[in-house]
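Commentary on secondary and tertiary structure
Read off the chains here:
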Amino acid sequence: MDKLSDELSILLNVPLLKESISEEDLVAKLSAIVENWIERDFNHLVEVLYRVDIDERVLKEKLNSGPLENTAEIIARLLLERQKQKLALRNQFHFSKGNIEEDERW
């Protein structure tokens, strides 16, 4: 969770907790941030969703299927899931110099 929390903190340009944090606590913290953006800076929220690459179709589907009072939590969970996907892909395709054959190195 620490790496994920750090990545989200940088990506969203908001300070998150520095100590170890559970996924539910991270969702709660992100939900509060998203709620603030919904109320005070909706354009910024839209920019973040675009930058993080949240699928608009999935977002609409989730928002339409849940209660309105959970909007911030739904968005927070989507942000968290997308970052998990990105980290997994990065780890999957991460190559160290020892893993790449000499003739294929740059």
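Quick look at the structure, then. (Residues numbered from 1 in each chain as written. Predicted model: local features only at pLDDT ≥ 70, side-chain atom pairs only at ≥ 80, totals over all residues. Heavy atoms only, no water.)

What follows deals with the packing of helix H2 (residues 23-40) against helix H3 (residues 42-52). Describing two packed helices takes the angle between their axes plus the distance from one axis to the other. Their axes nearest at 6 Å, the elements H2 and H3 cross at an angle of 130 degrees. In terms of orientation, H2 lies oblique with respect to H3. For the pair H2 and H3, the contacting residues are Val34, Trp37, Ile38 and Arg40 in the first and Phe42, His44, Leu45 and Val48 in the second. Per-class residue counts for the contact of H2 with H3 are six nonpolar, one polar and one charged. (Axes fitted to C-alpha atoms, helices over the stretch in contact; angles between N-to-C directions. Helix = DSSP H or I, 4+ residues; strand = E, 2+ residues; numbered from the N terminus. Parallel < 35°, antiparallel > 145°, perpendicular 65-115°, else oblique. Contact = heavy atoms within 4.5 Å. Nonpolar A, V, L, I, M, F, W, Y, C, P; charged D, E, K, R; others polar.)

Another point: the pattern of salt bridges. Inspection of every chain in the model, using the stated rule, returns seven salt bridges. A salt bridge links Glu23 to Lys84; the shortest N-O distance between them is 2.9 Å. Note that Glu23 is positioned in helix H2 and Lys84 in helix H5 (residues 71-92), a separation of 61 residues in sequence. A residue is classified by how much of its surface remains accessible, and Glu23, at 28% relative accessible area, is partly exposed. Of the charged contacts in the structure, one is a salt bridge between Glu24 and Arg77, with a shortest N-O distance of 2.9 Å. Of this pair, Glu24 sits in helix H2 while Arg77 sits in helix H5, and the two are 53 residues apart along the sequence. By relative accessible area, which is 31% here, Arg77 ends up partly exposed. Beyond isolated ion pairs, a larger network of salt bridges with shared partners links Glu23, Glu81 and Lys84. (Salt bridge = Lys/Arg side-chain N within 4 Å of Asp/Glu carboxyl O. Buried < 20%, exposed > 50% of the residue type's maximum accessible area, 1.4 Å probe, protein only.)

Formed by 14 residues in total, the largest nonpolar core has its most connected members in Val34, Leu49, Ile54, Ile75 and Leu79. Broken down by secondary-structure element, the contributors of at least two residues to this core are H2, H3 and H5. Per-element accounting of this core gives the leading share, five residues, to H5. The residues touching Val34, leaving out its near neighbours within four places in the chain, are Leu45, Ala72, Ile75, Ala76 and Leu79. Ile21, Val27, Ala76 and Leu80 belong to the second-largest nonpolar core, a separate cluster that totals six residues. (Core = buried A, V, L, I, M, F, W, Y, C linked by side-chain atoms within 4.5 Å.)

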